[in-house]
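Chain residues, written in single-letter form:
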Amino acid sequence: QVQLVESGGGSVQAGGSLRLSCAPSGKLDSFDYMGWFRQAPGKERENVAVIDSVGRATHTDSVAGRFTISQDKPKNTLHLQMNSLKPEDTAMYYCAASLVRPFYVGVDYWGKGTLVTISS
């Protein structure tokens, strides 16, 4: 059974930085798509960034230029470098992975989440 374990969340002041990591484990170790979602209280879950198996990355407009998704291929470890953080970035951040399907079609595996809190 595949598991995704997030780490790196915490509480920082506006303008600060955090680096999230996601470590896959289990029998499957390669995916066509991996990425990050976030969900704030009272809001819908939002895709933040995605990277495909050939390293092409996409970031949602609200974080473009501030966040960077990357992946260490040997173990598929996923990272999200978050700079210039804003209070509106406060949310639970979830790692996600799909074997074949793009995220707009479906997600195969979810992490349990790591909480990011940005104070003003």
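Structure shown above.
Notes on the structure follow. (Residues numbered from 1 in each chain as written. Predicted model: local features only at pLDDT ≥ 70, side-chain atom pairs only at ≥ 80, totals over all residues. Heavy atoms only, no water.)

1. So, the sheet that holds strand 7 (residues 67-72)
- Across the sheet, 4 strands lie side by side as 1-3-8-7; this open sheet has antiparallel pairing. Sheet topology places strand 1 (3-7) and strand 7 at the edges, where each strand pairs with a single neighbour. Strand-to-strand twist of the sheet, defined as the mean angle between neighbouring strand axes without regard to direction, takes the value 15°.
- The sheet contact formed by strand 1 and strand 3 (residues 18-25) spans 5 bridges and is antiparallel. (Pairing = 2+ DSSP bridges. Helix = DSSP H or I, 4+ residues; strand = E, 2+ residues; numbered from the N terminus. Axes fitted to C-alpha atoms, helices over the stretch in contact; angles between N-to-C directions.)

2. Quick look at unusual backbone geometry
- With a phi angle near 50°, S84 is a residue other than glycine that sits in the positive phi range.
- Along the chain, S84 turns up in the loop between strand 8 (77-82) and strand 9 (91-98).
- For S84, a relative accessible area of 42% puts it in the partly exposed group. (Buried < 20%, exposed > 50% of the residue type's maximum accessible area, 1.4 Å probe, protein only.)

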